[in-house]
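The primary structure of each chain is shown beneath.
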Amino acid sequence: MATSIVYKLSRPLVFTQLASLRTGFVFRGKPAAAAGTRRFSSEPPSDKISRYPVPYRKDLPYDIVELMEEVESKGGFLPNVFKVLSHRPAEFRAFFAYYNELMNKETGRLTKADRELIVVTTSAHNQCLYCVVSHSALHRIYSKNPTLSDQVVVNYENAELGPRERAMLDFAMAVCRCDTITEQHFKSLEEVGFDREDAWDIAAIAAFFAMSNRLAHLTDMRPNLEFYNMGRIPRDKSKDKTGGESK
């Protein structure tokens, strides 16, 4: 990434499976065209993924275009959330900075699969198509479980969850529903190995995606078709090896 930027949104993490962002510093200067950047893709903005205008990349700030290009290059496609939220660049930066702090932090007892399962469960309650589809895909990748997220979308209480996951999702749903949080909620988490900092993480993810779900509703954000099959069928590594040998 450019070394001169003052506030940078750095490398996507999963969007080889798809892009999570590391916070840093972002350039707030000229649009990409004026900064001399190339456009990674020449296609016009889609009018089918949002009810709001999706900007052309040439009209976006350099740091946002650079991030989009990196995500698309590593993941093979650009998730529509990047396109839709680029309608407001300053809010785009703030959104992904906080997203990264919640979803890619290395501390605490929540795994990446745990975090994605929280998103899927609360987003299903909030009836958010985009977040359910995209984060189910990420959960399948992280957990290597192709069916659990589908079960959770229908009814997490009937899903094949262990005691730890069930307590985690019970707490997340209490926050999602705006239930009164009591000491019993914390006790239930502690009984399965979580502490109060983990409780904050669970609650913050549920709260952040309550906002994200509502933005998706507002914009009528549509999931990329690529998300639907991600992580469902294990990759045949023998074909990869054969293909490599034949080159």
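None of the values given here were measured: they were computed from a predicted structure.

Novice: What is the right way to read the pattern of salt bridges from this model?
Specialist: Pairing is possible between side chains of opposite charge, provided their charged atoms come close. In this structure the tally under the stated criterion is 14 salt bridges. The shortest N-O distance in the salt bridge between Arg88 and Glu91 comes to 3.0 Å. The partner of Glu183 in a salt bridge is Arg196, with the nearest N and O atoms 2.4 Å apart. Taken together, the positions of Glu183 in helix α9 (residues 183-190) and Arg196 in helix α10 (residues 196-219) put the pair 13 residues apart, joining distant regions of the chain. Given the relative accessible area of 52%, Glu183 is considered exposed. Residue classification places Arg196 among the partly exposed positions, given a relative accessible area of 40%. What you see here is one network of salt bridges that share partners, running through Arg109, Asp195 and Asp198.

Novice: Which parts of the structure should I look at to understand helix α2 (residues 62-75)?
Specialist: Two residues of an α-helix separated by three or four positions point the same way, owing to the 3.6 residues in each turn. Look at α2: 20 Å from first C-alpha to last across 14 residues, which is about the 20 Å you get at 1.5 Å a residue. Among the 14 residues that make up α2, 10 are buried, leaving the element largely enclosed by the rest of the structure. Every buried residue of α2 is accounted for by Asp63, Ile64, Val65, Glu66, Leu67, Met68, Glu69, Glu70, Val71 and Glu72. Residue Gly76 follows α2 closely and has a positive phi angle near 90°.

Novice: Teacher, can you tell me more about the packing of helix α6 (residues 129-143) against helix α7 (residues 148-155) here?
Specialist: The relative placement of two packed helices is expressed as an angle between their axes plus a distance between the axes. It is at 9 Å that the axes of α6 and α7 come closest, and there the two elements cross at 145°. Here Val132, Ser136, His139 and Arg140 of α6 lie close against α7, whose contacting residues are Leu148, Ser149, Asp150 and Val153. Of the residues assigned to the contact of α6 with α7, the class counts are 3 nonpolar, 3 polar and 2 charged.

Novice: Would you explain unusual backbone geometry in this entry?
Specialist: With glycine set apart, most residues show a phi of negative sign, and most peptide bonds adopt trans. Even without glycine at this site, Lys144 takes up a positive phi of about 60°. Its location among the elements puts Lys144 in the loop between α6 and α7. By relative accessible area, which is 72% here, Lys144 ends up exposed. Of note in the backbone geometry, Cys178 takes a positive phi value of approximately 65° without being a glycine.

Novice: Mind showing me how you'd approach the layout of surface pockets here?
Specialist: Over the atoms, a rolling probe the size of a water molecule traces out where space has been left empty. Estimates place the volume of the second largest pocket at around 250 Å³. Lining the second largest pocket are Tyr52, Val84, Leu85, His87, Arg88, Glu91, Phe92, Phe95, Met211, Leu215, Leu218 and Thr219. The element contributing the most residues to the lining of the second largest pocket is α10, with 4 residues.

Novice: Where do I start with the environment of Glu101 in this structure?
Specialist: Tracing the backbone through its elements, the reader meets Glu101 in helix α4 (residues 89-103). Since its relative accessible area comes to 44%, Glu101 is described here as partly exposed. With 104 residues separating them in the primary sequence, Glu101 and Ile205 have C-alpha atoms 9.9 Å apart.

Novice: Is there a simple way to explain the packing of helix α5 (residues 112-125) against α6 in this structure?
Specialist: Following both chains from N to C, one finds α5 and α6 inclined at 155°, their axes separated by 8 Å at the closest point. Of the possible angle classes, the one that applies to α5 and α6 is roughly antiparallel. The two elements α5 and α6 meet at a crossing, and its hand is left-handed. For the pair formed by α5 and α6, the contact residues are Lys112, Ala113, Glu116, Leu117, Val119, Val120, Ser123 and Ala124 on the first element and Cys131, Val132, His135, Ser136, Leu138, His139, Tyr142 and Ser143 on the second. Residue classes in the contact of α5 with α6 are distributed as 9 nonpolar, 5 polar and 2 charged.

Reading the values: the criteria
- Chains are numbered independently. Their residues run from 1 in the order of the written sequence.
- Local features are withheld for residues below a pLDDT of 70 in this predicted model, meaning they are given only at 70 or higher, and side-chain atom pairs are given and counted only at 80 or more; totals for whole chains, interfaces and linings count all residues.
- The basis for every side-chain value is the complete set of heavy atoms in the structure, and neither hydrogens nor water enter the calculation.
- Take a side-chain nitrogen of Lys or Arg and a carboxyl oxygen of Asp or Glu: if they are within 4 Å of each other, that pair is a salt bridge.
- By the criteria applied, helices consist of DSSP H or I runs no shorter than four residues and strands consist of E runs no shorter than two, each listed in order from the N terminus.
- Accessible area is worked out with a 1.4 Å probe on protein chains only. A residue is then buried under 20% of its type maximum, exposed over 50%, and partly exposed in between.
- A helix is expected to reach a length of 1.5 Å times the quantity of its residues less one.
- Angles run from 0 to 180 degrees between N-to-C directions of axes, and those axes are lines fitted to C-alpha atoms, restricted for helices to the stretch in contact.
- Contacts were defined at the residue level, with two residues in contact if any of their heavy atoms lie within 4.5 Å.
- Polar here means any residue other than Ala, Val, Leu, Ile, Met, Phe, Trp, Tyr, Cys and Pro, which are nonpolar, and Asp, Glu, Lys and Arg, which are charged; Gly is therefore polar.
- Buried and open spaces are told apart on a 1 Å grid over the protein atoms alone, a cavity being a set of points where a 1.4 Å probe fits but cannot get out and a pocket being an open set with protein on both sides within 12 Å along at least five of seven lines. Residues with an atom within 4 Å of a point are the lining residues.
- Grid points are joined across faces, edges and corners, and a volume is the space filled by probe spheres set on the points.
- Here is the rule for angles: anything less than 35 degrees is roughly parallel, anything more than 145 is roughly antiparallel, 65 through 115 is roughly perpendicular, and the remaining ranges are oblique.
- With the far helix as reference, a near helix turned anticlockwise by less than a right angle produces a left-handed crossing, and one turned clockwise produces a right-handed crossing.

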